[in-house]
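# Survey of secondary and tertiary structure
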Amino acid sequence: MKMIVLSDTHMKTGEIPRQLQTLLEECDLIVHAGDFSTVKAYNAFNASGKLKAVFGNDDTSELKKLLPERLTFEVEGVKIGVVHEGGLSVTDTTAQGYLAKEMGVDILIFGHLHRPLIEKKDVVLVCPGSPTRPRMSNPSVVELIIEKGSINGRIITLEGATCEYIKFRDSLKKGEQEKNRNKKNA
């Protein structure tokens, strides 16, 4: 089964970006870890009939009544848990690991950080980042493929607005590369 995992779309309208829409059409299941922001955005993703989702801290009260805070389900014998806030760090995933064990899942999908991560230890931890409002990363989603209990995942970088930090970091790298080239040519 091919899943597209996403979070933190923070969309005011029901208009899904074209590249993301193509990925969603090609998958078997869409898993959204919260922060749609509006019912219109939720409805756009739910129209496919393939959506499993939780609410996030930025979702409207209507969405918080409609969606659960935590969700667990099974795909081909693999237990999957979904929450919005699994922990507050991408570099220290201890809290997410404990939450996965508490929920009794093999994979924990979480959002809130707007920065992608796939970490395989005792459990698989997945934070898809954000396809529309990345933070210290490029726009992204995660593709998870589960076949006969085997889990494979990859971060897919999307087109779209890049976080200002990434632009600044890349400009520093470019400046450093030019400096090194000038030294070699001198």
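A brief look at the structure comes next. (Residues numbered from 1 in each chain as written. Predicted model: local features only at pLDDT ≥ 70, side-chain atom pairs only at ≥ 80, totals over all residues. Heavy atoms only, no water.)

Moving on, we come to the packing of aromatic side chains. Evaluated as defined, the whole model comprises 2 aromatic pairs. An angle of 90° between the planes, with centres 5.4 Å apart, marks the rings of Phe 36 and Tyr 42 as edge-to-face. Across the pair, exposure class does not vary: Phe 36 and Tyr 42 are buried alike. An aromatic cluster is built from Phe 36, Tyr 42 and Phe 45, whose rings are joined through pairwise contacts. (Phe/Tyr/Trp six-rings, centres within 6.5 Å; stacked < 30°, edge-to-face > 60°. Buried < 20%, exposed > 50% of the residue type's maximum accessible area, 1.4 Å probe, protein only.)

Okay, the pattern of salt bridges next. As a working rule, side chains carrying opposite charge can pair if their charged atoms are close by. For the structure shown, the criterion picks out 5 salt bridges. Where Arg 70 meets Glu 102, a salt bridge forms, and the shortest distance between an N and an O atom there is 2.9 Å. With Arg 70 in strand S4 (residues 70-75) and Glu 102 in helix H4 (residues 94-103), this pair connects stretches of sequence that are 32 residues apart. When its relative accessible area of 42% is taken as the criterion, Arg 70 is described as partly exposed. In this structure Glu 102 comes out as exposed when scored by relative accessible area, which is 57%. Of the charged contacts in the structure, one is a salt bridge between Glu 119 and Lys 121, with a shortest N-O distance of 3.5 Å. Residue classification places Lys 121 among the exposed positions, given a relative accessible area of 66%. Within the structure, one salt-bridge network assembled from shared partners comprises Lys 2, Glu 143 and Arg 154. (Salt bridge = Lys/Arg side-chain N within 4 Å of Asp/Glu carboxyl O. Helix = DSSP H or I, 4+ residues; strand = E, 2+ residues; numbered from the N terminus.)

Side chains Leu 117 and Glu 119 of strand S7 (residues 116-120) all project onto a buried face; the interleaved residues Pro 116, Ile 118 and Lys 120 project onto a face where none is buried. In this antiparallel pair of consecutive strands, S7 and strand S8 (residues 124-128), the connection spans 3 residues. (Pairing = 2+ DSSP bridges.)

Let us now look at the sheet that holds strand S1 (residues 2-6). Strand order across the open sheet formed by 5 strands is S3-S2-S1-S9-S10, with mixed pairing between neighbours. At either margin of the open sheet sits one strand with a lone partner, and together these are strand S3 (51-53) and strand S10 (150-157). The average undirected angle you get between the axes of adjacent strands in this sheet is 20°. Judged from the 4 bridges that link them, S1 and strand S9 (residues 140-147) form a sheet pairing that is antiparallel. Opposite Lys 2, over in S9, you have Ile 145 as the bridge partner. Sheet contacts for helix H1 (residues 18-25): S1, strand S2 (29-32), S9 and S10; angle to S1, the most-contacted strand, approximately 145°. The sheet strands contacting helix H2 (residues 39-46) are S1, S2 and S3, and the helix crosses S3 at an angle near 140°. (Axes fitted to C-alpha atoms, helices over the stretch in contact; angles between N-to-C directions. Contact = heavy atoms within 4.5 Å.)

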